[in-house]
Amino acid sequence: MRTLTLEQPGTFAWLEEQGVAEPAAGEAAVRVHRIGVCGTDLHAFRGRQPFFSYPRVLGHELAVEVEAVGPDADAALVGQHCAVRPYINDESSRASQRGRTNCCPSMRVLGVHSDGGMRPRFTLPTKLLHPVDEGKLSLDAMALAEPLAIGCHAVRRGAPTAADRVLVIGAGPIGVAAMQFARRSCQSLTLLDLNEKRLAFCKERWAIDETLTAIPEGQRFDCVFDATGSPASMNKAFEYVDHGGKLVFVGLHTGEVTFEDPLFHSREMTLLASRNATADDFGMVLDGLMDGSIDAEAMVTRRLGFNDLDATFESLYEDTELIKAVIEVEHA
C-alpha cells in the first residue's frame, strides 16, 4: 500500500507500507475514497503551518468506507460510508466535559498533529465516524463535511438573527461554508474578497445579496465573519462592525491582532474566536446537505488523482479561481 508522506516543506515521498493492522478496541479500519485539500495542507507544504511537525501524512477532510471494526464496535458499521470528524480530544479535559470538545487543550487533528488520511487505508477511532445512509450523499459531500462544519460552528458562535446584516470576509472554502450557514437566518448577506472571479462564482452559485472587493466608507454590519487568516484583514474587520455588533474570527494567523480600544468600546462590540467543530456541528452539516439547504458540490472547482498527487499538488497554488480541490482515491 502506497502512502504519500510530506517529508519536509515542499517534498512529498511515496512510502510502501504493509496492509492496515486489525483495528483494536474503539477503532475502525477504513478505505479512503475522497480527500479534500485544506488551507492547512497548503500551508504545511510551504512550511507555514503552526503546530506542525514533519514527516506527516496529510489529509483530514475525508470520505471513507468502513472495512472492519474492533471487537467492541457495532458490526453494522462495516460497509458504511462515513464523513470523518478529525479532531481527537481528551475526554477528561475540563473543556471536553463542558461540551467544548472543539477547543480541548490536548486537541490532536488528523493530518496535522497525527498522521491523516492521504493514503488508501488506515485505522481511526470509531467515535470520529459519521455514517451516511447509502445513496443519501455523494463522496464529495461527505469529504467536505469537515470544512462545512468549521463554517457552521463559526455561525453558531456569531448567532446572526433574521434582523442582522451579515458580512463574510474571504471567499475561500471556509468563508463559503460560513456564508451558506449565515444566509439561512440573516436579513442580508455581503461577501468581501479581493478576487473578482471568486466573487462572481459565489454570486452566481449562491445568489449572494452583495459582493464587494472593498467596503464603502461608513457601511457597517451587525455580524462580521473574517475567514481570511490575514492579519491586515483581521485588524481592518473591526471597522466594519456596527454598534452592538459581533466580530467572529474564523481564520487564524500566528501573530498579533490589534485594534483601537475607543472604537471597540464605543460600539460595544463582541469579539469571538471560532475553532474546529463539534459533533453537533457535523450533524447539522449532514442534515443540511441531505435536505439541500447546504451545497457541497458547487464548492469543488478542482479534482486531483491520488496516484500522481506528488506531481500535481503544487499546481494548486497557481489556481486563482480555486475554491476547493478534492483528491479522488481509486481502488483496484
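First things first, this report covers the structure right here in the doc. Fair warning: this is a prediction, and the values are worked out from it, not measured in the lab. Within any chain, residue numbers begin from 1 and follow the written order of that chain's sequence. Confidence filtering applies because this is a predicted model: local features only for residues at pLDDT of at least 70, side-chain atom pairs given and counted only at 80 or more, and all residues used for totals across whole chains, interfaces and linings. Side-chain measures were taken over the full set of non-hydrogen atoms in the model, leaving aside hydrogen atoms and water.

1. Section: the overall build of the protein chain
Right, so step 1: Only DSSP runs of H or I covering at least 4 residues are called helices, and only runs of E covering at least 2 are called strands; the numbering of each starts at the N terminus. For the protein chain, the helix and strand inventory stands at ten helices and 17 strands.
Right, so step 2: The C-alpha radius of gyration computed for the protein chain amounts to 20 Å, which stays within 12% of the reference 20 Å derived for 332 residues, consistent with globular compactness.
Right, so step 3: Buried residues are those whose accessible area, probed at 1.4 Å on protein chains only, stays under 20% of the maximum for their type, while exposed residues exceed 50% and partly exposed ones sit between those limits. Taking all 332 residues of the protein chain together, the buried fraction comes to 52%.
Right, so step 4: In the protein chain, once contacts between residues fewer than 6 apart in sequence are set aside, the share between residues at least 24 apart is 67%.
Right, so step 5: Total accessible area on the protein chain is roughly 14800 Å²; 46% of this is exposed by carbon and sulfur atoms.
Right, so step 6: Note on charges: Lys and Arg go in the positive column, Asp and Glu in the negative column, and His and the chain ends are not counted at all. All charge positions are set by atom: Lys at NZ, Arg at CZ, Asp at CG, Glu at CD. Positive and negative side-chain charges of the protein chain, numbering 32 and 47 respectively, have mean locations separated by a distance of 3 Å. In this treatment the radius of gyration is a C-alpha quantity, and the globule benchmark scales as 2.2 Å times the residue count to the 0.38 power. By definition, residues are in contact when any of their heavy atoms lie within 4.5 Å. Here, Shrake-Rupley sampling with a 1.4 Å probe gives the accessible areas, and only protein chains in the shown set may cover a residue.

2. Concerning the nonpolar core
Right, so step 1: Among buried residues, those of type Ala, Val, Leu, Ile, Met, Phe, Trp, Tyr and Cys that are joined through side-chain atoms within 4.5 Å constitute a nonpolar core. In terms of nonpolar packing, the biggest core is built from 91 residues, with Met118, Leu129, Leu148, Phe225 and Leu289 touching the most fellow members.
Right, so step 2: With seven residues, helix α4 (residues 145-158) is the largest single contributor of residues to this core.
Right, so step 3: Ignoring any residue separated from it by four or fewer positions in sequence, one finds leucine 129 in contact with Ala28, Val30, Val64, Val66, Cys82, Ala83, Val84 and Leu124.
Right, so step 4: Residues Ile169, Leu212, Ile215 and Val241 belong to the second largest nonpolar core, which totals 17 residues.

3. Here's the deal with the packing of α4 against helix α5 (residues 173-182)
A pair of packed helices is captured by two measures, namely the crossing angle of their axes and the spacing between those axes.
Right, so step 1: Relative orientation of the contacting elements α4 and α5 amounts to 55°, with a least axis distance of 7 Å. Considering their axes alone, α4 and α5 lie oblique with respect to each other. Read as a crossing pair, α4 and α5 show a hand that is right-handed. On the side of α4, the interface is formed by Pro147, Leu148, Ile150, Gly151, Cys152 and Val155, while α5 contributes Ile174, Ala177, Ala178, Gln180, Phe181 and Ala182.
Right, so step 2: All amino acids are sorted into three groups, where Ala, Val, Leu, Ile, Met, Phe, Trp, Tyr, Cys and Pro are nonpolar, Asp, Glu, Lys and Arg are charged, and the leftover types, Gly among them, are polar. Considering only residue class, the contact of α4 with α5 consists of ten nonpolar, two polar and no charged. In this analysis, axes come from line fits to C-alpha atoms, helices being fitted only over the stretch in contact, and the angle between any two N-to-C directions falls in the range 0 to 180 degrees. Should an angle lie under 35 degrees it is considered roughly parallel, over 145 roughly antiparallel, and from 65 to 115 roughly perpendicular; all remaining angles are considered oblique. Left-handed describes a crossing whose near helix is turned anticlockwise from the far helix by less than a right angle; the clockwise case is right-handed.

4. Remarks on the environment of phenylalanine 51
Right, so step 1: Among the secondary structure elements, phenylalanine 51 is positioned in the loop between α1 (39-45) and β4 (61-69).
Right, so step 2: Phenylalanine 51 sits in the exposed class, given a relative accessible area of 65%.
Right, so step 3: Counting along the chain gives 42 residues from phenylalanine 51 to serine 93, while the straight-line C-alpha distance between them is 20 Å.
Right, so step 4: Apart from the residues within four sequence positions on either side, phenylalanine 51 is in contact with Val112 and His113.

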